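# Topology and contacts: notes
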Amino acid sequence: QQPVQSPQAVILREGEDAVINCSSSKALYSVHWYRQKHGEAPVFLMILLKGGEQKGHEKISASFNEKKQQSSLYLTASQLSYSGTYFCGTESSGNTPLVFGKGTRLSVIA
Amino acid sequence: DAGITQSPRHKVTETGTPVTLRCHQTENHRYMYWYRQDPGHGLRLIHYSYGVKDTDKGEVSDGYSVSRSKTEDFLLTLESATSSQTSVYFCATLSSRTQYFGPGTRLTVL
C-alpha cells in the first residue's frame, strides 16, 4: 500500500525551513528518503530503521515514529540546491521491495 | 554511482509492437528492480529480481515481463505496447539497503 506524503508541493525562500511527512497504514520496518531533481534519477538521502532513530545528511534530517507509522524529513536553512521532488519509500519487512509515495515537490527560490 | 546504464534512453514506438528495455549494472548487485514513473503516481514497481532467473511481480506488472539470465542484465519487455505504457522507466539495484537508480528510459507509445 502506497505511503501518503504531505504536502504535495511547497515553495520556500532560501534560508527557510520545511517539513515533509510520510505516513503508512501498515506497520513499517524502515523508511527511505530519496530526492529527484528534474530530468534526473532519484538519489538516496537516508534510511531510518524502526527504533525511532533520527538521522542527518548535511542540513537535512529525518525521524521515524514506528508506533505512528510515520516519518518526517526536515530541511533546515534551505538552499537552492534542495529543489526537487522528495520521495519516501517504505518497507514492511526486511526483505520486501520498497513502496514509494507520490512525492513532494520542493521549490526553493532566491 | 552504482554503474547502472539503461538502453535505449529514448524510444518512440507504435501501439501493438513489442519493446524491450535493457538495464546493465557493473557492481554485481543481487537485487534489481524496474519502476515506472508517471506524473501524480510517483515510482511504481513493475517487477524485481533477487538473482539470476529469480523474479517476482510488483504492483503494476500487467502487460510486462522480465528476464534475468546474467547478474548484470535485467530486461523489461512490453509484450504488446499500449499508450498507457507511455512513461519513464527506471531500473535500480540494491546494495547495503540502498537503491541506486539508472538514468531512465523515456518511452512513448503512439
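Now for a description of the structure that goes with this document. (Residues numbered from 1 in each chain as written. Chains lettered and ligands numbered in written order. Predicted model: local features only at pLDDT ≥ 70, side-chain atom pairs only at ≥ 80, totals over all residues. Heavy atoms only, no water.)

### A look at the nonpolar core
- Formed by 21 residues in total, the largest nonpolar core has its most connected members in A:Trp33, A:Leu73, A:Leu75, A:Tyr86 and A:Leu106.
- Elements with a contribution of two residues or more to this core: strand S2 (9–13), strand S3 (18–23), strand S4 (30–36), strand S5 (43–49), strand S7 (60–65), strand S8 (70–75), strand S9 (84–91) and strand S11 (104–109) of chain A.
- Excluding anything up to four places from it in sequence, A:Leu75 contacts A:Glu16, A:Asp17, A:Ala18, A:Ile20, A:Lys59, A:Ile60, A:Tyr82, A:Tyr86 and A:Leu106.
- By size, the runner-up hydrophobic cluster in this structure holds 18 residues, among which are B:Met32, B:Val60, B:Val66 and B:Leu107. (Core = buried A, V, L, I, M, F, W, Y, C linked by side-chain atoms within 4.5 Å. Buried < 20%, exposed > 50% of the residue type's maximum accessible area, 1.4 Å probe, protein only. Helix = DSSP H or I, 4+ residues; strand = E, 2+ residues; numbered from the N terminus. Contact = heavy atoms within 4.5 Å.)

### Digging into the state of the cysteines
- What the rule picks out here adds up to two disulfides over all chains.
- The disulfide bridge from A:Cys22 ends at A:Cys88, spanning 2.1 Å between sulfur atoms. Measuring the twist about the S-S bond at about 75°, one finds the A:Cys22-A:Cys88 disulfide to be right-handed. Placement of the pair is A:Cys22 in strand S3 and A:Cys88 in strand S9, with a sequence separation of 66 residues.
- Of the residues examined, A:Cys22 reaches a relative accessible area of 2% and is grouped as buried.
- The class of A:Cys88 is buried, set by a relative accessible area of 0%.
- Covalently, B:Cys23 is tied to B:Cys91 through a disulfide, its sulfur atoms 1.8 Å apart. The chirality of the disulfide connecting B:Cys23 with B:Cys91 is left-handed, given an S-S dihedral of about -65°. Of this pair, B:Cys23 sits in strand S3 (residues 19–25) while B:Cys91 sits in strand S9 (residues 87–95), and the two are 68 residues apart along the sequence.
- The class for B:Cys91 is buried, based on a relative accessible area of 0%. (Disulfide = S-S within 2.5 Å.)

### Some points on the packing of aromatic side chains
- Inspection of the entire model under this criterion finds 13 aromatic pairs over all chains.
- Each ring, one from B:Tyr35 and one from B:Phe101, has its centre 5.7 Å from the other, and the planes form 40°; the classification is tilted. Linking B:Tyr35 in strand S4 (residues 31–38) with B:Phe101 in strand S10 (residues 98–101), this pair joins segments that are 66 residues apart in sequence. B:Phe101 carries the same exposure label as B:Tyr35, and that label is buried.
- Ring geometry for B:Tyr48 versus B:Tyr50: centroids 6.4 Å apart, planes at 50°, classification tilted.
- Overall, B:Tyr50 belongs to the partly exposed group, its relative accessible area being 29%.
- An aromatic cluster is present here, built from A:Tyr34, A:Phe44, A:Phe100, B:Tyr31, B:Tyr33, B:Tyr35, B:Tyr48, B:Tyr50, B:Phe90 and B:Phe101 joined pairwise through their rings. (Phe/Tyr/Trp six-rings, centres within 6.5 Å; stacked < 30°, edge-to-face > 60°.)

### Concerning the interface of chain A and chain B
- Each partner contributes to the interface: chain A provides 20 residues, whereas chain B provides 16 residues.
- The junction of chain A with chain B conceals about 1400 Å² of combined surface from both sides, 57% of it contributed by carbon and sulfur atoms.
- Of all residues in chain A, the largest losses of buried area upon contact with chain B belong to A:Pro42, A:Pro97 and A:Phe100, amounting jointly to 32% of the total for that side.
- Inspection of the region where chain A meets chain B yields one salt bridge.
- One salt bridge in this structure joins A:Glu91 and B:Arg97, with 2.7 Å as the shortest N-O distance.
- Linking chain A with chain B are four residue pairs in polar contact (both at pLDDT 80 or more). (Buried area = accessible area lost by both parts, 1.4 Å probe. Salt bridge = Lys/Arg side-chain N within 4 Å of Asp/Glu carboxyl O. Polar contact = N/O pair within 3.5 Å; in protein donor to acceptor, adjacent residues only side chain to side chain.)

### Considerations on unusual backbone geometry
- The residue after A:Ser6, namely A:Pro7, is reached through a cis peptide bond having omega -5°.
- Note on placement: A:Pro7 falls in the loop between strand S1 (4–6) and S2.
- Of the consecutive residues B:Ser7 and B:Pro8, the connecting peptide bond is found in the cis state with omega at -10°.
- By secondary structure assignment, the location of B:Pro8 is in the loop between strand S1 (4–7) and strand S2 (10–13).
- Positive phi, close to 65°, is recorded for B:Asn28, a residue that is not glycine.
- For B:Asn28, a relative accessible area of 62% puts it in the exposed group.

### Comments concerning the environment of B:Pro18
Residues and elements named next belong to chain B.
- Tracing the chain through its elements places Pro-18 in the loop between S2 and S3.
- Distance in space between the C-alpha atoms of Pro-18 and Phe-90 is 18 Å, their sequence separation being 72 residues.
- Leave out the neighbours within four places in its chain, and Pro-18 touches Leu-78 and Glu-79.

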